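For reference, the chains in residue letters:
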Amino acid sequence: PWLVGKAGKLLICVSRNQQRSVIFKFLVNHPPIANAGPDQLLECTANNTATASLDGRASIDTDSTPESNDDIKGFIWTELQQIIAGTPTTDGTLAVGTHQLDLAVTDDSGVSNTDTTQITVNDSIAPQGSIVFPAPNTCFGPSQLPVILQDNVQDTCDPSFARRYDPPGAPG
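Residues numbered from 1 in each chain as written. Predicted model: local features only at pLDDT ≥ 70, side-chain atom pairs only at ≥ 80, totals over all residues. Heavy atoms only, no water.

Caption draft 1: Focus on the pairing of strand E5 (residues 72-79). In terms of burial, E5 is largely enclosed, as 6 of its 8 residues are buried. With 7 bridges joining them, E5 and strand E8 (residues 97-107) adopt antiparallel strand pairing. In the sheet register, glycine 74 faces E8, and the bridge partner there is threonine 106. With 3 bridges joining them, E5 and strand E6 (residues 82-85) adopt antiparallel strand pairing. Residue pairing for E6: threonine 78 is matched across the bridge by isoleucine 83. (Buried < 20%, exposed > 50% of the residue type's maximum accessible area, 1.4 Å probe, protein only. Helix = DSSP H or I, 4+ residues; strand = E, 2+ residues; numbered from the N terminus. Pairing = 2+ DSSP bridges.)

See the structure below:
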């Protein structure tokens, strides 16, 4: 019987009266081990997005030459089955929310393995700024209504955030 990973001897007829023996070994192809890296928690930086860095260089294939990954022939990053990159590392823009990113690693025999990383983009920093008009403790009479408020409030993540002013004691 032929056993994978076992050595054997094969007799080859070179001519009628000559035989040569050849020693052979069946080699086992081990699948690569994909490593999409740790899960990430990112803060939104602009336009309801953040930049995520993906790194699959920790993926390995035990069939490779020692201290190399020369048996790995392909890296494919996907989100929701859409290809976003075909390299071991890439940077990409992700919207606020939770994202599952898959890394498929393929060896030179066409065998693949996948790993998933979860990246969450949060908007946890409140808008910053203040009302600049009217000045604090300013009174307006009925003829000066409505009062138009002005502010210098900005939100790092969402430049078009909604403003709402509820002064203390106002009907709500």
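Caption draft 2: The pattern of salt bridges, seen in detail. Under the defined criterion, the tally for this structure stands at 2 salt bridges. A salt bridge links aspartate 55 to arginine 57; the shortest N-O distance between them is 2.7 Å. (Salt bridge = Lys/Arg side-chain N within 4 Å of Asp/Glu carboxyl O.)

Caption draft 3: Geometry of the environment of aspartate 123. Note on placement: aspartate 123 falls in the loop between strand E9 (112-122) and strand E10 (131-133). Looking at aspartate 123, the relative accessible area reads 36%, which means it is partly exposed. Expressed as a C-alpha distance, the spacing of aspartate 123 and aspartate 158, which sit 35 residues apart in the sequence, is 8.5 Å. Ignoring anything within four residues of it in the chain, the contact list for aspartate 123 reads Glu43, Cys44, Asp155 and Cys157. (Contact = heavy atoms within 4.5 Å.)

Caption draft 4: A look at the sheet that holds strand E3 (residues 40-43). Across the sheet, 5 strands lie side by side as E3-E9-E8-E5-E6; this open sheet has mixed pairing. Strands with a single pairing partner mark the edges of an open sheet, and in this sheet they are E3 and E6. Within the sheet, the average angular offset between the axes of one strand and its neighbour, ignoring direction, is 35°. (Axes fitted to C-alpha atoms, helices over the stretch in contact; angles between N-to-C directions.)

Caption draft 5: Layout of the state of the cysteines. Evaluation of the coordinates by the stated rule reveals 1 disulfide. Shown here is the disulfide that connects cysteine 44 with cysteine 157, its sulfur atoms set 2.0 Å apart. The sign of the 85° torsion about the S-S bond sets the cysteine 44-cysteine 157 disulfide as right-handed. One end of the pair, cysteine 44, is in the loop between E3 and strand E4 (49-55); the other, cysteine 157, is in the segment after strand E11 (150-151), and 113 residues separate them in sequence. Exposure remark for cysteine 44: the relative accessible area of 4% places this residue in the buried category. Residue classification places cysteine 157 among the buried residues on the basis of a relative accessible area of 1%. (Disulfide = S-S within 2.5 Å.)

Caption draft 6: Main features of the environment of alanine 34. Here alanine 34 is to be found in the loop between strand E2 (18-25) and E3. Residue alanine 34 is classed as buried on the basis of its relative accessible area of 9%. Alanine 34 sits 69 residues away from leucine 103 along the chain, and the two C-alpha atoms are 6.7 Å apart. Every residue in contact with alanine 34, bar those within four places of it in the chain, is listed here: Ser59, Leu103, Val105, Asn113, Thr114 and Asp115.

Caption draft 7: The nonpolar core, seen in detail. Leu42, Trp77, Leu94, Leu103, Val105, Ile119 and Val121 are the most contacted members of the largest nonpolar core, which has 18 residues in total. Broken down by secondary-structure element, the contributors of at least two residues to this core are E4, E5, E8 and E9. Residues in contact with leucine 42, not counting those within four places in the same chain, are Ala50, Thr51, Ala52, Ile119, Thr120, Val121 and Asn122. (Core = buried A, V, L, I, M, F, W, Y, C linked by side-chain atoms within 4.5 Å.)

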